[in-house]
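Now for the letters of each chain:
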Amino acid sequence: MSKVFTSACPLNCWDSCGFKVVVEDGKVTKVDGDETHPITKGKICGRGRMLEKRTNSSERLLYPLKKVDGEFTRISWEQALEEISVKMKAIKAEHGSTSILHSHDYANGGLLKNLDKRFFNLFGGVTELIGSICWGSGIEGQTWDFGDAYSHSPEDIFNSKNIIVWGRNVARTNLHLFQALQEAKKRGAHLIVIDPIFNATAKIAHEHITVKPGMDGLLAAGIMKEMLRLGLENQEFIRNHSVGFEDLHALLDGISIEEITEKTEVPVEVMTKLAQVYGDRPTSTFIGLGMQRYENGGNTIRLIDALVAISGNIGIAGGGANYAHKQVGQSFDVTELSLANQKQEHRYFTMMEQAEKILNEKTPEVKMIFVTCGNPLTQVPDTNVVKKAFSSVETLVVVEQFMTDTAELADYVLPTTTAFEEEDVYYSSMYHAYVNYGPQLVSAPGEAKSDLWIWTELAKRLGFGDEFNYTREQFLEIGMKSLVEKGLSLSQLKEIGHAELPVDEIPWSDYQFKTPSGKYEFTSKSAEQKGLLGQLTLALPKESKWTNAELAKKFPYQLLTIHPLRSNHSQHYHLLSPEPKVRVEISQNIAEQLQLMDDAYVRVWNERGEIFGYVTVLKQGVHNDIVKIDEGIWSRFGGSVNQLTSSQVSDNGLGSILYDCLVNIEAANE
Ligand SMILES: Nc1nc2c(c(=O)[nH]1)N[C@H]1C(S)=C(S)[C@@H](COP(=O)(O)OP(=O)(O)OC[C@H]3O[C@@H](n4cnc5c(=O)[nH]c(N)nc54)[C@H](O)[C@@H]3O)O[C@H]1N2
Ligand SMILES: Nc1nc2c(c(=O)[nH]1)N[C@H]1C(S)=C(S)[C@@H](COP(=O)(O)OP(=O)(O)OC[C@H]3O[C@@H](n4cnc5c(=O)[nH]c(N)nc54)[C@H](O)[C@@H]3O)O[C@H]1N2
Ligand code: SF4
Ligand SMILES: [Mo]
């Protein structure tokens with residue numbers, strides 16, 4: 001007997017789709033879109049569909065494993081939980097609780113995934129990760145400018161006369177924005193894509209503008225110069241709703257448009273045209289995560305914000321500097337779930353620098369690492385150091401669904417459930433404001449258990465008492481408490497499957513910004529309060545011919561390790577057939593210089609590492625000197641690309657500089 005259930009995509013993605021899941025004889029047999037979902041409207045991507053294969057895969061981890069003499073052996077849950085909790089107690093007594101590190105990312109968008117924090121806070125406080133490999137510098141940049149990072153509701157795009165997609169690979173990463181772009185075009189909007197790569201979004205745009213990677217801040221500065229020259233700026237916004245415009249003006253006066261053209265490799269006429277487009281309101285900007293993954297990334301986003309601001313596109317229908325939708329996450333009571341006030345000790349490592357810190361911090365030394373919802377061996381930069389660090393500690397515990405590169409290194413691997421095997425509510429602070437309900441639909445295979453079950457069992461052994469003694473339902477209610485006051489209860493959500501959260505459709509329309517001055521801040525007081533420079537600058541990326549000529553001579557090409565089409569980070573590669581290979585996509589000028597043709601086997605390297613793969617020559621419209629390799633690929637298929645990337649943090653927000661990466665290429669023998 002088959003039955004169809006309403007459910008939700010758990011993957012870390014812009015779209016947070018509603019699902020219809022078919023269950024037959026206790027097994028998920030199909031994952032499809034929920035047509036009744038107001039934003040995602042029945043359309044889902046291959047990664048969502050493939051969750052059926054992920055759930056039923058014969059490679060699922062089924063039993064707790066312990067490494068003995070270099071080999072994994074099956075152990076009971078009782079033994080695993082007992083040994084791990086005894087170790088935790090002993091480590092805490094001898095070295096303090098912060099000698100345990102919790103390493104994670106955000107592989108699952110479930111509300112209850114926040115309970116990991118509660119567990120470690122009740123334990124006494126461990127070493128936690130701060131910052132974000134993903135979008136840290138952009139979030140901080142927008143927080144300095146606006147006071148927070150908010151987006152317009154997805155439907156508002158239909159009020160835009162012009163739409164600029166800036167460094168977001170929409171067709172690949174944000175399916176429903178892609179559909180909205182197509183619809184907006186039909187309704188007459190003008191679409192411009194600014195991206196060094198001629199991606200599938202650029203293909204549907206009226207104009208594609210390529211830019212030298214990492215130089216978008218300068219490009220925004222050039223557009224603002226042209227805007228001021230032509231008198232297209234919005235004086236009213238600048239005068240009444242902003243502070244620090246004089247600093248911005250002085251900055252723009254300090255650089256010539258010719259110098260901007262030279263560095264951005266964008267002609268002056270294009271900047272003039274863009275100034276006119278921004279002046280022809282309303283113009284919406286959809287900022288991606290691409291150009292903030294550079295040393296100058298936070299400043300880049302701030303210069304783009306400044307352009308949106310001076311052109312008067314803030315707080316109006318059809319405008320906006322749409323980057324993140326933090327109001328979504330802020331609708332939940334994550335602090336109530338995580339009990340941060342319960343920790344007695346604390347220590348922080350940045351997500352980026354976790355590996356160096358594991359190797360070098362001595363007070364106290366890291367004795368034990370817990371990995372949940374993350375695969376640092378493929379996803380954290382500078383893989384060679386990450387591998388050394390995660391291999392160096394006494395005890396590595398990895399809670400996983402599959403034997404990933406990280407799990408391979410573990411002393412204990414604890415098998416966990418996939419989304420359809422546990423109940424949760426799902427949301428994403430990236431694009432739209434709907435929360436989706438995901439019921440438990442099937443039972444977990446073998447002895448796989450949910451993260452929550454694992455925390456609860458460890459909490460019992462560690463004596464956390466009542467603070468961790470809640471049912472799943474009760475925890476969900478704690479996390480949704482303030483929503484009940486706003487008229488949305490868990491039982492209502494269960495009934496309808498999805499619900500819109502109470503957020504502003506057009507943020508900042510009252511021009512009350514959450515900055516210290518209450519105005520839009522071209523010069524940031526929050527930055528100054530942190531002892532940082534509040535003024536905008538014309539900072540350049542770290543690895544470029546302008547900033548490190550010697551390095552650029554040795555490594556003349558720019559490596560972009562962007563998000564893969566068919567996998568969510570590392571989560572789908574092992575399910576693909578034929579088996580994936582490392583694809584090294586190169587600009588035409590590189591192919592000509594090095595005489596490389598499609599499918600040539602090459603080595604790509606820099607001072608941090610090397611990777612081997614097969615060439616695809618990018619045909620059209622791609623900026624010169626670009627090498628593109630999708631992120632996420634496992635070592636068994638030739639990865640990880642992060643062998644090449646740097647673990648340095650960006651200029652603000654403890655973000656990453658993943659794409660600020662020069663490499664060289666040569667033909668290799670297979
Ligand atoms: N298929 C798929 N979709 C995903 C994910 C996935 O793994 N796979 N992951 C999800 C997650 S967690 C995230 S964070 C989002 C990320 O979504 P996106 O913001 O789309 O992320 P990126 O893959 O980094 O691609 C960004 C774009 O930036 C461009 N870019 C790189 N450097 C520069 C630059 O200097 N200037 C400009 N203008 N453009 C630049 C790249 O060419 C690329 O087209 O995607 C989500 N969606
Ligand atoms: N070079 C390069 N590196 C990147 C990026 C890039 O663009 N280029 N993108 C960065 C970005 S934007 C992000 S968001 C990160 C993503 O980094 P990660 O979140 O680490 O990557 P994923 O592959 O999505 O997931 C990691 C693991 O979590 C496991 N998992 C899934 N659900 C659960 C669960 O419910 N419980 C537990 N315990 N485990 C679960 C999966 O099996 C998977 O192995 O990668 C970053 N790394
Ligand atoms: S991965 Fe993103 S686009 Fe694909 S089904 Fe999930 S939420 Fe939707
Ligand atoms: Mo991300």
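Going by what an unreviewed UniProt entry lists, the protein chain is known as Oxidoreductase and is assigned to Bacillus yapensis. In UniProt, the protein chain has this text filed under Cofactor (unreviewed entry): "Mo-bis(molybdopterin guanine dinucleotide)". Its UniProt record gives the protein chain the following Sequence similarities (unreviewed entry) comment, quoted word for word: "Belongs to the prokaryotic molybdopterin-containing oxidoreductase family."

Trainee: Residue-level account of the overall build of the protein chain, with values.
Mentor: Counting secondary structure elements, the protein chain contains 27 helices and 27 strands. Its C-alpha radius of gyration of 25 Å places the protein chain within 12% of the 26 Å reference for a compact globule of 670 residues. Its C-alpha atoms put the protein chain at 70 × 65 × 55 Å along the principal axes. Counting across all 670 residues of the protein chain, residues that qualify as buried make up 63%. The contacts of the protein chain with a sequence gap of at least 6 include a subset with a gap of at least 24, amounting to 77%. When the accessible surface of the protein chain is summed, it comes to about 24,700 Å², and 48% of that surface belongs to carbon and sulfur atoms.

Trainee: Run through the packing of helix H9 (residues 216–229) against helix H14 (residues 297–310), naming residues and quoting values.
Mentor: Any two packed helices are characterised by the angle at which their axes cross and by the distance between the axes. Contact geometry of H9 with H14 gives a least axis separation of 8 Å together with a crossing angle of 20°. For the element pair H9 / H14, the angle class is roughly parallel. Considering how the two elements wind past one another, H9 and H14 form a crossing that is left-handed. On H14, the residues that touch Asp216, Gly217, Ala220, Ile223, Met224, Met227 and Leu228 of H9 are Thr300, Leu303, Ile304, Ala306, Leu307 and Ile310.

Trainee: Explain the site of ligand 1 to me, using residue names and the numbers behind them.
Mentor: For ligand 1, the set of nearby residues contains 35 residues, the closest of which are Asn169, Asp195, Gly214, Asp216 and Tyr659. Side-chain polar atom of Tyr659 to an oxygen atom of ligand 1: 2.6 Å apart, as the coordinates give it. Protein chains bury 100% of the 920 Å² of accessible surface belonging to ligand 1 in isolation. Here the residues of the shell around ligand 1 are counted per class, giving 17 nonpolar, twelve polar and six charged.

Trainee: For the domain arrangement of the protein chain, give the residues involved together with the corresponding values.
Mentor: You can read the domains of the protein chain as domain 1 (2–56), domain 2 (65–133 + 328–500), domain 3 (136–323) and domain 4 (549–667). Taking only C-alpha atoms, the centre of domain 1 and the centre of domain 3 are 34 Å apart. At the interface, ten residues of domain 1 touch 13 residues of domain 3. Counting each side, the surface lost to burial between domain 1 and domain 3 is near 850 Å², with a carbon and sulfur contribution of 60%. Area buried by domain 1 at its contact with domain 3 is led by Trp14, Asp15 and Ile39, which between them contribute 67% of it. For the interface between domain 1 and domain 3, the tally reads zero salt bridges. Partitioning the side of domain 1 that touches domain 3 into residue classes produces six nonpolar, one polar and three charged.

Trainee: Mind laying out the site of ligand 2, listing which residues take part and the relevant values?
Mentor: The full set close to ligand 2 counts 31 residues, and Gln379, Glu400, Asp451, Ser570 and Asn642 are the nearest of them. Side-chain polar atom of Asn108 to an oxygen atom of ligand 2: 3.2 Å apart, as the coordinates give it. Contact distances for ligand 2 include 2.5 Å between an oxygen atom and a side-chain N or O atom of Ser570. If ligand 2 stood free it would expose 920 Å²; the protein chains cover 98% of that surface. Among the residues forming the shell around ligand 2, the class breakdown is eight nonpolar, 16 polar and seven charged.

Cut-offs and rules
- Residues numbered from 1 in each chain as written.
- Chains lettered and ligands numbered in written order.
- Predicted model: local features only at pLDDT ≥ 70, side-chain atom pairs only at ≥ 80, totals over all residues.
- Heavy atoms only, no water.
- UniProt positions renumbered as here; feature names shortened; annotations may be inferred.
- Helix = DSSP H or I, 4+ residues; strand = E, 2+ residues; numbered from the N terminus.
- Rg over C-alpha atoms; globule rule 2.2 N^0.38 Å.
- Buried < 20%, exposed > 50% of the residue type's maximum accessible area, 1.4 Å probe, protein only.
- Contact = heavy atoms within 4.5 Å.
- Areas by Shrake-Rupley, 256 points an atom, 1.4 Å probe, with all protein chains shown as cover.
- Axes fitted to C-alpha atoms, helices over the stretch in contact; angles between N-to-C directions.
- Parallel < 35°, antiparallel > 145°, perpendicular 65-115°, else oblique.
- Left-handed = near helix turned anticlockwise from the far one by under 90°.
- Near = heavy atom within 4 Å.
- Polar contact = N/O pair within 3.5 Å; in protein donor to acceptor, adjacent residues only side chain to side chain.
- Nonpolar A, V, L, I, M, F, W, Y, C, P; charged D, E, K, R; others polar.
- Domains from an automatic or database assignment.
- Buried area = accessible area lost by both parts, 1.4 Å probe.
- Salt bridge = Lys/Arg side-chain N within 4 Å of Asp/Glu carboxyl O.

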